[in-house]
Amino acid sequence: DLWPPHALEHPEVDTPPVSSGPGGVTLIIPTFNESANVAELLRQLRACLPAHPPCEVLFVDDSTDDTPALIEKAAADCPFPVAVLHRDSPAGGLGGAVVEGIARAGSDWIVVMDADLQHPPHLVPELVGEGERSGADLVVASRYLPGGSRAGLAGGYRVAVSRGATWLAKGLFPRALRGISDPMSGFFAMRRSAVTGAVTGGALKPLGYKILLELAVRCGPAKTAEVPFVFQDRFAGESKSTAREGLRFLTHLAALRSASPLARMIGFGLIGLSGFVPNLLALWLLTHAGMQYLAAEVVANQAGVLWNFLLIETLLFRDRRRHRHWADRVGRFALLANADLLLRIPLIALFVDRFGLGVLPATALALVTTFVLRFVATEALVYLP
Ligand code: GDD
Ligand code: MN
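Note that the structure is a prediction, hence the values are computed from the model and not measured. (Residues numbered from 1 in each chain as written. Chains lettered and ligands numbered in written order. Predicted model: local features only at pLDDT ≥ 70, side-chain atom pairs only at ≥ 80, totals over all residues.)

### Side note on the overall build of the chain
- The secondary structure content of the chain amounts to 13 helices and seven strands.
- Projected onto its principal axes, the C-alpha positions of the chain cover 80 × 45 × 40 Å.
- Looking at the 385 residues of the chain, the share that counts as buried comes to 38%.
- A fraction of 79% describes how many contacts in the chain between residues 6 or more apart in sequence connect residues 24 or more apart. (Helix = DSSP H or I, 4+ residues; strand = E, 2+ residues; numbered from the N terminus. Buried ≥ 20, exposed ≤ 12 C-beta atoms within 10 Å, placed from the backbone. Contact = placed C-beta atoms within 7 Å.)

In structure tokens form, the structure reads like this:
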């Protein structure tokens, strides 16, 4: 293949790294149709990457244009090794590309940056230098420190979205993101020793743009540091981000949050509660259309079940879906959801008649019991771990 590149001695993928020298840096740059940017990017990197520590550049490319050819052409003038890993299937998008790059990196330090020059190349040595000085495992280039700014975020709309996303992520992961003012940044340096465990253990499940969030939450670096930076305007071309990327971000947050069983159970409960909305809506529609109310109850319940199923599939168990065919999963899920209803009545009777509970506490206890049972059964019978 293209990796390892010419100058530095490099490990094969899957073998322990040989090393590119102490403090060496592998720069990982994801590219998607950046043909108008890569030559200028390499030109600027040539001007600012030092000979020591030794640096090398790995592009992880999902382009459909001539970006890889242009990189190879511009690489001929570079004093440092440059390689392109072109992926045939763009799994995981930007984040997936970065993780594939990390799996192939052999240096002590990994630096991730964009190809469109929104991330100033001269900060690469500074990020690594700050890590060496402070002993941090992760150094984030932040737009929110004094001296930093988001000048290149075009429009109030994008600024507001970025703010909201930052606030949401920090609210959901207060501990993992403590000390990181800009978890949405795509520009950072990380010690390879702090990520290799997660990479080889398959713990990383990147989904779209927020790769720093993925690494900060799943790798839990012991010490972090930050360096301010000014997010520049794009050199050429347009952002590759779409509305779909926003949806992916929310799914990514849910996937990260539901890594713990307790959080998963809470998510399951919240989704279950939200199911009342389609359930009542369907009941209203059906009874107004003239259906007898008990029959309508049964049918409307299925609307809630379907709603719950779709949310649980995308938000809670997205990486456990492959174990069964989707029709199998719907069937089992619907069976459990309806069994839940059937089980509740005899349980209430049991609590009232045998244990002498009042009707209300008995009902509440039955609700909690069937909820926990249904959660455990869904995990075990629909989405095998
Ligand atoms: N390999 C690969 N695959 N690269 C991709 C893909 C993909 O599917 N999508 C985008 N890229 C590359 C782009 O070619 C570019 O080099 C880099 O990832 C960033 O993409 P942009 O489309 O320029 O992102 P942005 O400017 O909207 O967002 C950047 O800034 C945000 C902060 O506001 C990114 O760094 C975000 O991660 C960051 O949150
Ligand atoms: Mn950009």
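### Here's the deal with the site of ligand 1
- Inspection of the region around ligand 1 gives 23 residues, with Pro-30, Ala-97, Ala-115, Gly-186 and Lys-240 positioned closest.
- When contributions to the shell around ligand 1 are tallied by element, the ones reaching two or more residues are strand S1 (25-31), strand S2 (55-61) and helix H3 (93-104).
- Partitioning the shell around ligand 1 into residue classes produces ten nonpolar, seven polar and six charged. (Near = placed C-beta within 6 Å. Nonpolar A, V, L, I, M, F, W, Y, C, P; charged D, E, K, R; others polar.)

### Points about the UniProt feature "domain: GtrA/DPMS transmembrane" (unreviewed entry) in the chain
- Mapped onto the present numbering, the UniProt feature "domain: GtrA/DPMS transmembrane" (unreviewed entry) falls on residues 268-382.
- End-to-end, the C-alpha atoms of residues 268-382 are 14 Å apart, and along that stretch the chain is 83% helix and 0% strand. (UniProt positions renumbered as here; feature names shortened; annotations may be inferred.)

### Quick notes on the confidence of the model for the chain
- Confidence in the prediction for the chain averages 90 pLDDT; 93% of positions are at 70 or higher.
- With pLDDT under 50 throughout, residues 4-19 is counted as low confidence; its partners more than four residues away or in other chains account for 24 contacts.
- Scored as a whole, the predicted complex attains pTM 0.83, and scored at its interfaces, ipTM 0.98. (pLDDT = per-residue confidence, 0-100.)

### Looking at the nonpolar core
- Leu-27, Ile-28, Ile-110, Val-111, Leu-127 and Phe-188 are the most contacted members of the largest nonpolar core, which totals 80 residues.
- At seven residues, the largest contribution of residues to this core is made by helix H7 (residues 211-219).
- For Leu-27, the residues in contact, after removing those within four places along its chain, are Cys-55, Glu-56, Val-57, Leu-58, Val-111, Met-113 and Val-124. (Core = buried A, V, L, I, M, F, W, Y, C linked by C-beta atoms within 7 Å.)

### Regarding the packing of helix H11 (residues 293-316) against helix H12 (residues 326-353)
- Taken N-terminus to C-terminus, the directions of H11 and H12 make an angle of 130°; their axes are 10 Å apart at the nearest point. Relative to H12, the element H11 lies oblique. Crossing angle aside, the handedness with which H11 passes H12 is right-handed. Of the residues in H12, those in contact with Asn-301, Val-305 and Phe-309 of H11 are Val-330, Phe-333, Ala-334, Ala-337 and Leu-341.
- Its residues placed into classes, the contact of H11 with H12 shows seven nonpolar, one polar and no charged. (Axes fitted to C-alpha atoms, helices over the stretch in contact; angles between N-to-C directions. Parallel < 35°, antiparallel > 145°, perpendicular 65-115°, else oblique. Left-handed = near helix turned anticlockwise from the far one by under 90°.)

### Brief notes about the sheet that holds S1
- The strand order S3-S2-S1-S4-S6-S5-S7 describes an open sheet built from seven strands, whose pairing is mixed. Looking along the sheet, the strands with just one partner apiece sit at the ends: strand S3 (82-86) and strand S7 (224-228). Averaged over neighbouring strand pairs, the angle between their axes works out to 20° when direction is ignored.
- Across four bridges, strand S4 (residues 109-112) lies against strand S6 (residues 188-191) in antiparallel orientation. Among the inter-strand pairings, Trp-109 is bridged to a residue of S6, identified as Arg-191.
- Along the sheet, helix H4 (residues 124-134) makes contact with S1, S4, strand S5 (138-142), S6 and S7, crossing S7 at roughly 145°. (Pairing = 2+ DSSP bridges.)

### Things to note about the environment of Leu-138
- As for its position among the elements, Leu-138 is in strand S5.
- A sequence separation of 173 residues divides Leu-138 from Leu-311, and the C-alpha atoms of the two residues are 33 Å apart.
- When near neighbours in sequence (up to four residues on either side) are disregarded, Leu-138 contacts Phe-188, Met-190, Ala-194, Ala-216, Pro-221 and Thr-224.

### Some remarks on the packing of helix H9 (residues 261-274) against H11
- The interhelical angle for the contact between H9 and H11, taken along N-to-C directions, is 150°, at an axis separation of 10 Å. By the angle between their directions, the pair H9 and H11 is classed as roughly antiparallel. In this structure, H9 crosses over H11, and the sense of that crossing is right-handed. Here Arg-264, Gly-267, Phe-268, Ile-271 and Gly-272 of H9 come into contact with H11, specifically with Asn-308, Leu-311, Ile-312, Leu-315 and Leu-316.
- Of the residues that constitute the contact of H9 with H11, the class distribution is six nonpolar, three polar and one charged.

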